[in-house]
Amino acid sequence: MDPRQYLAAPVLLAGLFSLAPIPSRAVAPPANFEEALAGTYTLPDPLTMQDGSPVKTAADWTTKRRPELLELFEEHVYGHPPALWGTLQFEVLEVLENALDGKATRKRVRIFLKEHPEWTGIEVLLYLPKTGNKKVPCFVGLNFNGNHAATVEADVPISTNWMRDTQANPPRNKPPQSPDTTRGSEHSRWLPEKLIAAGFGLATAYYGDIEPDYAGGWKVGIRGALSPQGVATEWKANEWGGIGAWAWGLSRILDYLESDPAVDAQKCAVIGHSRLGKTALWAGARDERFSIVLANDSGEGGAALMRRNYGETVAIITGAFPHWFAGRWSSYANRETECPVDQHELVALVAPRPVAVGSAVEDRWADPLGEFLSAKNAGAVYQLFGKKGLESELQPAVGESIGNSIGYHLRAGKHDLTEEDWGQYIKFCARHWPG
Ligand code: GCU
């Protein structure tokens with residue numbers, strides 16, 4: 001999909017939430033790709049409380065500033081998720097001991113809510129290396145096209161949920177495709193064989209199981225199910241959007257993994273690409289049980305600084321995808337400096353756990369330098385914990401990675417999650433999970 005199709009999209013929701021006198025139909029200026037025009041800005045200080053008092057110790061961060069920032073991100077960017085969802089249940093649909101040429105155990109598990117049968121639940125595809133009784137570390141991530149697309153194994157059932165037509169421009173919302181065209185189509189982004197060979201498990205699920213990705217998708221997703229008004233809900237400016245819903249789903253997958261004796265739930269890394277990279281970062285920021293967080297090409301609303309005017313902007317993304325965020329975020333279109341947070345603080349919310357940000361040189365839409373600067377500026381929080389972030393002032397050379405508890409790599413090529421990215425993430429996790 002060529003995202004530039006959205007350049008002139010109006011910010012439809014901007015006028016609904018009157019935080020400031022802004023035009024009700026602010027038009028998104030075209031994306032800027034000139035570094036000289038990226039603008040100057042002062043980032044909010046993660047180590048200063050909203051009342052101006054300093055955050056001096058790790059305890060100050062953990063007990064005061066982290067909760068304050070989480071609340072601000074919920075209120076202004078991703079929305080508040082509900083506190084309760086009833087009874088979570090797991091149904092093991094399959095255990096296959098000789099998957100991937102006998103190298104892996106494959107499980108399929110359905111996660112659902114007892115009190116909300118109208119929500120069909122999440123089907124998890126889990127591959128685990130054969131390690132005898134040793135619990136295995138796991139990557140946990142949502143896929144774009146169904147579990148059958150993440151694998152080449154012919155007997156993983158085709159998802160029957162709504163699918164996004166990635167061939168169409170603009171994308172169409174359409175019923176499931178015929179099996180043959182989609183099986184394995186996202187295999188290069190998940191590479192279960194490679195992960196298994198490296199000693200890791202993979203838990204993946206289709207993001208459309210949680211909520212289909214279109215403006216009214218919430219009506220058949222978890223947001224509609226959990227809202228007391230159901231499909232009649234009128235969302236308030238600070239209530240959760242699609243990214244909040246998908247992130248909620250990642251935490252429910254982790255709930256299952258915690259119950260699976262074959263998985264080392266202390267070593268589960270949440271990972272995602274693009275809109276699902278934004279989702280992984282938000283899930284990992286909120287849910288401290290994810291012991292490592294990996295955000296690939298996550299761009300605007302992910303790792304990229306919102307105050308930098310380069311590539312996609314708040315105006316563009318909230319105009320094109322208003323259903324991803326809390327409605328309020330669109331009110332910061334063209335006035336990002338008024339937003340009380342910026343995305344380096346989202347990266348910092350992972351502290352002191354390791355977090356890695358991946359960029360691709362040609363992925364200018366996602367602002368690779370903005371992703372780097374965000375990772376860089378999260379470092380002050382890691383220092384409170386005696387941990388090191390990115391020590392370099394400069395992006396690494398193409399093909400290189402840098403960092404300690406905060407990692408960053410820059411890959412050649414386009415917007416994608418590739419084998420090279422996985423190589424970086426495997427190296428990063430192996431370094432932080434010795435043994
Ligand atoms: C669009 C959108 C990006 C997003 C991407 C994706 O390009 O503008 O913010 O990351 O879609 O998720 O594929």
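Trainee: I'd love a proper account of the nonpolar core, names of residues and values included.
Mentor: When a protein is soluble and globular, its nonpolar side chains tend to lie buried together. Counting residues in each nonpolar core, the largest one holds 85 residues, and the members touching the most others are Phe 73, Leu 142, Ile 222, Ile 253, Leu 257, Trp 282 and Trp 329. For this core, the leading source of residues is helix α9 (residues 242-259), giving ten residues. Setting aside residues up to four positions removed in sequence, Trp 329 forms contacts with His 76, Val 77, Glu 300, Gly 301, Met 306, Val 314, Ile 317, Thr 318 and Cys 339. Ranked by size, the runner-up nonpolar core spans 19 residues in total, among them Ala 150, Trp 190, Tyr 425 and Ile 426.

Trainee: Account for the side chain of Asp 342, naming residues and giving values.
Mentor: Tracing the backbone shows Asp 342 in the loop between α11 (314-320) and α12 (343-348). Using a relative accessible area of 0% as the deciding quantity, one classes Asp 342 as buried. At 2.7 Å, the side chain of Asp 342 and the backbone nitrogen of Met 306 are in polar contact. Beyond its immediate stretch of four places on either side in the chain, Asp 342 contacts Leu 43, Pro 44, Phe 73, Leu 305, Met 306 and Arg 307.

Trainee: Outline the site of the ligand, supporting the account with residue identities and numerical values.
Mentor: If you check the shell around the ligand, you find ten residues, and the closest are Ser 274, Arg 275, Lys 278, Glu 312 and Trp 365. A distance of 2.9 Å separates an oxygen atom of the ligand from a polar atom in the side chain of Lys 278. Within the side chain of Trp 365, a nitrogen or oxygen atom sits 2.9 Å from an oxygen atom of the ligand. Against a free-state accessible area of 320 Å², the protein chains account for coverage of 91% of the ligand. When its residues are assigned to classes, the shell around the ligand shows six nonpolar, one polar and three charged.

Trainee: Can you tell me about unusual backbone geometry, naming the residues and giving the values?
Mentor: If a residue is not glycine, its phi is most likely negative; likewise, a peptide bond is most likely trans. A cis amide bond links Ala 351 to the next residue, Pro 352, at an omega of 0°. Tracing the chain through its elements places Pro 352 in the loop between α12 and β10 (355-360). A positive phi angle is found at Leu 191, which is not glycine, with a value near 45°. The residue Leu 191 is located in the loop between α5 (187-190) and α6 (192-197) in this model. For Leu 191, a relative accessible area of 11% puts it in the buried group. Positioned with a positive phi, Asp 297 is a non-glycine residue whose angle comes to about 45°. Among the secondary structure elements, Asp 297 is positioned in the loop between β9 (292-296) and α11.

Trainee: With reference to specific residues and values, describe the packing of helix α1 (residues 58-78) against helix α10 (residues 275-286).
Mentor: Two packed helices can be described by the angle between their axes and the distance between those axes. With their axes 11 Å apart at the nearest point, α1 and α10 run at an angle of 145° to one another. For the pair α1 and α10, the crossing hand works out as left-handed. Here Arg 66, Leu 70, Phe 73, Glu 74 and Tyr 78 of α1 come into contact with α10, specifically with Trp 282, Ala 285 and Arg 286. Its residues placed into classes, the contact of α1 with α10 shows five nonpolar, no polar and three charged.

Trainee: Tell me about the environment of Phe 321, and name the residues and values.
Mentor: Examined against the element boundaries, Phe 321 turns out to sit in the loop between α11 and α12. Taking relative accessible area as the criterion, Phe 321 reaches 10% and is therefore assigned buried. Between the C-alpha atom of Phe 321 and that of Gly 241, which follows or precedes it by 80 residues, the distance is 10.0 Å.

Trainee: So what's going on with the pairing of strand β12 (residues 406-411)? Which residues, and what values?
Mentor: Of all six residues making up β12, six are buried, and the element is well covered by its neighbours. The pairing of β10 with β12 spans six bridges and is classified as parallel. Each bridged residue has a counterpart across the sheet, and for Ala 360 the counterpart in β12 is Arg 411. Here strand β11 (residues 401-403) runs beside β12; their pairing, made up of three bridges, is antiparallel. Residue Ile 402 lies in a different strand from β12, and its bridge partner there is Tyr 408. Counted between consecutive antiparallel strands, the loop separating β11 from β12 contains two residues.

Trainee: Give a detailed account of the environment of Ser 291, specifying residues and quantitative values.
Mentor: Relative to the helices and strands, Ser 291 resides in the loop between α10 and β9. A C-alpha to C-alpha distance of 9.4 Å links Ser 291 and Trp 433, two positions 142 residues apart in sequence. Apart from the residues within four sequence positions on either side, Ser 291 is in contact with Gln 266, Lys 267, Cys 268, Arg 353, Pro 354 and Trp 433.

Trainee: Can you explain the pattern of salt bridges? Please cite residues and give values.
Mentor: As enumerated under the stated definition, the model contains 29 salt bridges in all. Close ionic contact of Glu 75 with Arg 328 constitutes a salt bridge, the shortest N to O distance being 2.8 Å. Here the residue Glu 75 occupies a position in helix α1, and Arg 328 occupies one in the loop between α11 and α12, the gap between them amounting to 253 residues. Classification of Glu 75 by relative accessible area gives buried; the value is 19%. Between Asp 297 and Arg 411 there is a salt bridge whose closest N-O contact spans 3.6 Å. Here the residue Asp 297 occupies a position in the loop between β9 and α11, and Arg 411 occupies one in strand β12, the gap between them amounting to 114 residues. Under the relative-accessibility criterion, Asp 297 is labelled buried at 1%. Relative accessible area serves as the criterion here: at 3%, Arg 411 is assigned to the buried category.

Trainee: Mind laying out the packing of α9 against α10, listing which residues take part and the relevant values?
Mentor: Direction vectors running N to C along α9 and α10 enclose 60°, while the axes themselves pass 8 Å from each other. By the criterion of interaxial angle, the relationship of α9 to α10 is oblique. Note on packing geometry: the crossing formed by α9 with α10 is right-handed. Mapping the contact onto sequence places Ile 243, Gly 244, Trp 246, Ala 247 and Leu 250 in α9 and Leu 276, Lys 278, Thr 279, Ala 280, Trp 282 and Ala 283 in α10.

Reading guide: rules and limits
Residues numbered from 1 in each chain as written. Predicted model: local features only at pLDDT ≥ 70, side-chain atom pairs only at ≥ 80, totals over all residues. Heavy atoms only, no water. Core = buried A, V, L, I, M, F, W, Y, C linked by side-chain atoms within 4.5 Å. Buried < 20%, exposed > 50% of the residue type's maximum accessible area, 1.4 Å probe, protein only. Helix = DSSP H or I, 4+ residues; strand = E, 2+ residues; numbered from the N terminus. Contact = heavy atoms within 4.5 Å. Polar contact = N/O pair within 3.5 Å; in protein donor to acceptor, adjacent residues only side chain to side chain. Near = heavy atom within 4 Å. Areas by Shrake-Rupley, 256 points an atom, 1.4 Å probe, with all protein chains shown as cover. Nonpolar A, V, L, I, M, F, W, Y, C, P; charged D, E, K, R; others polar. Axes fitted to C-alpha atoms, helices over the stretch in contact; angles between N-to-C directions. Left-handed = near helix turned anticlockwise from the far one by under 90°. Pairing = 2+ DSSP bridges. Salt bridge = Lys/Arg side-chain N within 4 Å of Asp/Glu carboxyl O. Parallel < 35°, antiparallel > 145°, perpendicular 65-115°, else oblique.

So yeah, pure geometry; function would need other evidence.
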